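# Report on the structure
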Amino acid sequence: MVETATAKAAKAQHYSFFQGVERNFDKAAGFTRFEKGILEQIKACNSVYQMKFPVRIGDKIEVVEAYRVQHSHHKLPCKGGIRYSMDVNQDEVMALAALMTYKCAIVNVPFGGAKGGIRINPKNYTTFELEKITRRYASELVKKNFIGPGIDVPAPDYGTGAREMSWIADTYASLKPGEIDALGCVTGKPVTQGGVRGRTEATGLGVFYGVRELCNVAEDMKRLGLSTGIEGKKVVVQGLGNVGYHAAKFFYEGGAIIVGLAEYEGGIYNEKGLDLEKVVAHRKATGSILDFPGATNIANSLETLEQECDILIPAALENVINASNAARIKAKIIGEGANGPLTPEADEILLQKGAIIVPDMYLNAGGVTVSYFEWLKNLSHVRFGRMDKRFSENQNTNILQTVESLTGKRVTDIERRQIMHGPDEVDLVYSGLEDTMIGSYHEIREAMLSLNMTDMRTAAFTVAINKVGVSYEELGIFP
Ligand code: NAD
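Residues numbered from 1 in each chain as written. Predicted model: local features only at pLDDT ≥ 70, side-chain atom pairs only at ≥ 80, totals over all residues. Heavy atoms only, no water.

## Digging into helix H10 (residues 276-286)
For H10, the full list of buried residues reads Leu276, Val279 and His282. Buried residues along H10 cover an arc of 120° about the axis, so they all sit on one side. Exposed side chains of H10 directed beyond 90 degrees from the buried face belong to Lys278, Lys284 and Ala285. Between the side-chain oxygen of the N-cap and the backbone nitrogen of Glu277 there are 3.3 Å, and the N-cap of H10 in question is Asp275. Just beyond H10, the residue with positive phi is Gly287, at close to 85°. (Buried < 20%, exposed > 50% of the residue type's maximum accessible area, 1.4 Å probe, protein only. Helix = DSSP H or I, 4+ residues; strand = E, 2+ residues; numbered from the N terminus. Arc of directions from axis to C-beta. Polar contact = N/O pair within 3.5 Å; in protein donor to acceptor, adjacent residues only side chain to side chain.)

Below you can see the structure in the form of structure tokens.
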């Protein structure tokens, strides 16, 4: 379940997940100018902490295995999620930490990559037991200096969420009394505990901003035989979870037509479009997206991905587009909302068909981008917009009054509200995310053009290696 395409491909080829990441790295490194030593340093995991600690569960003591890996210290703090899964092992955590380094570099989030994991099945424990395990893990990280707002800042991943992040923040703060920036030791917290508005929908919104930007480039749309802009584009989304639901919602609101949706129970398709919120309400009422009025049922959920559409957003699982179905995919744009939804074979088949694949490492980086904003908020100890919202509103009012008195005309009430509105926290988070996704898209596109390649994944990797490489070169080597 938690294996990515790279992980599966690696296993099939008898190399580890981390070695698989290294192979992708090597492929892209050939397009950069760095000497071997720098490339070796970028690739290496800087610190690996494997721990075992006892936790009393009922009347027994359980020894829990856990990890925290800091892949790169070229920027500090390090950043990366913590997952709870029985699949957690050192190689996997190392690979995921490395991918975080490259993801952060691509979206210009100034962190080194990290990842953590506890080898448990969270479903086997009560909330009370999970809290004990989480707090013990956090205190182990504190003991070895593996957590802190300037050291290493975890976030949620598989099996963890805002609740676990709150427990970690509280454990850290109680072990570091008086540390003013303590809340910045972890992100993905509830808004009431120092979290930031907009974090929940951030990844799906980032997916939308990234694909919208691609659609805004007339030259690329012409090559695909599509019109410019997101409006009217036909979209199929797989997965109605956090990423898929929010991506679909923003595509819908942005004027795209959601023609197909796939969940584990099956898929639905209507070429005239589906009303997303009505589908969600239907699923809530009936327990399934199937039999939605006006839509055709697709019994084999995976076949939904093969339906006629312009944009396909796999946002559920890894490896869903592979050698067996890639040739039947009709979408000209594939936006990887999930991690690793395409196998390397699928990549090749679709690239040969002339499709544009927007890689996960860039497209689903909205979550870490907004985590960065949360960390900034924690360090500044003030909600975004608190200092300037009212000032902006007063200034807008003055400008509006001046324009109205000079022209002798009055704007409508709706226009007045829009013009006067000063930015709330969520407005600023959205705008920061939008700017990030647009800027990074063009960095990758320019790299692709200058290297004369059509593979956006390798181009994104190259962009990341270049940024981390320059950092290491400029830092020099400490004696
Ligand atoms: P989620 O659990 O909220 O949603 C996954 C959805 O996929 C669920 O609705 C589930 O029912 C559905 N699903 C399961 N099996 C399916 C199948 N066979 N066919 C169709 N749908 C199926 O998870 P999420 O947080 O949305 O994550 C989805 C993907 O995005 C994962 O690969 C994750 O690693 C990646 N991702 C998530 C985030 C984030 O911020 N949540 C960030 C980066 C990457």
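## Some thoughts on the packing of helix H2 (residues 17-29) against helix H3 (residues 36-43)
Remark: H2 packs on H3, axes separated minimally by 11 Å, with the N-to-C direction vectors making an angle of 145°. When you trace H2 past H3, the crossing you get is right-handed. Here Phe18, Glu22, Phe25, Asp26 and Ala29 of H2 lie close against H3, whose contacting residues are Leu39, Ile42 and Lys43. A class-by-class count of the residues in the contact of H2 with H3 yields 5 nonpolar, no polar and 3 charged. (Axes fitted to C-alpha atoms, helices over the stretch in contact; angles between N-to-C directions. Left-handed = near helix turned anticlockwise from the far one by under 90°. Contact = heavy atoms within 4.5 Å. Nonpolar A, V, L, I, M, F, W, Y, C, P; charged D, E, K, R; others polar.)

## Notes on the pattern of salt bridges
Using the criterion set out here, one finds 31 salt bridges in the structure. The salt bridge partner of Arg212 is Glu434, with a shortest N-O separation of 2.7 Å. Remark: Glu434 occurs in helix H16 (residues 425-450) and Arg212 occurs in helix H7 (residues 202-215); sequence separation between them is 222 residues. With a shortest N-O distance of 3.6 Å, Asp360 and Arg457 are connected by a salt bridge. (Salt bridge = Lys/Arg side-chain N within 4 Å of Asp/Glu carboxyl O.)

## Re the pairing of strand S5 (residues 152-156)
Within S5, 4 of the 5 residues are buried, which leaves it mostly tucked inside the rest of the structure. Bridge count for strand S3 (residues 78-84) against S5 is 5 bridges, and the pairing is parallel. Its bridge partner lying in S5, Gly81 is registered against Ala155. (Pairing = 2+ DSSP bridges.)

## A closer look at the packing of aromatic side chains
Two numbers describe a pair of aromatic rings. These are the distance of the centres and the angle of the planes. What the rule picks out here adds up to 11 aromatic pairs. Seen in terms of ring centroids, Phe208 and Phe251 are 5.3 Å apart; in terms of plane orientation they differ by 90°. Their pairing is edge-to-face. Here Phe251 lies in helix H9 (residues 242-253) and Phe208 lies in helix H7, a separation of 43 residues in the sequence. Exposure remark for Phe208: the relative accessible area of 6% places this residue in the buried category. Overall, the relative accessible area of 0% leaves Phe251 in the buried class. Ring-pair connections join several aromatic residues into one group, and the members of that group are Phe111, Tyr372, Phe373 and Trp375. (Phe/Tyr/Trp six-rings, centres within 6.5 Å; stacked < 30°, edge-to-face > 60°.)

## Structural notes on the site of the ligand
Near the ligand, the surroundings consist of 19 residues, among which Thr203, Asn242, Val243, Glu263 and Asn339 are the closest. Between the ligand and Tyr264 there is a distance of 3.5 Å, counted from a nitrogen atom to a backbone nitrogen or oxygen. When the ligand is considered free in solution it has 830 Å² of accessible area, and contact with the protein chains removes 70% of it. Within the residue set of the shell around the ligand, elements represented by two or more residues are H9 and strand S7 (257-263). Broken down by class, the residue content of the shell around the ligand amounts to 9 nonpolar, 9 polar and 1 charged. (Near = heavy atom within 4 Å. Areas by Shrake-Rupley, 256 points an atom, 1.4 Å probe, with all protein chains shown as cover.)

## Considering helix H14 (residues 389-407)
Counted at 1.5 Å a residue, the expected span for H14 with its 19 residues is 27 Å, and the 27 Å between its end C-alpha atoms agrees. For H14, the full list of buried residues reads Lys389, Ser392, Glu393, Thr397, Leu400 and Glu404. Buried residues of H14, seen end-on, are gathered within an arc of 135° and therefore sit on one face of the element. Among the exposed residues of H14, those oriented more than 90 degrees off its buried face are Phe391, Ile399, Ser405 and Leu406. In the stretch just after H14, Gly408 is the one whose phi turns positive, near 75°. (Expected span 1.5 Å × (residues − 1).)

Take it as geometry only, folks, not as evidence of what the structure does.
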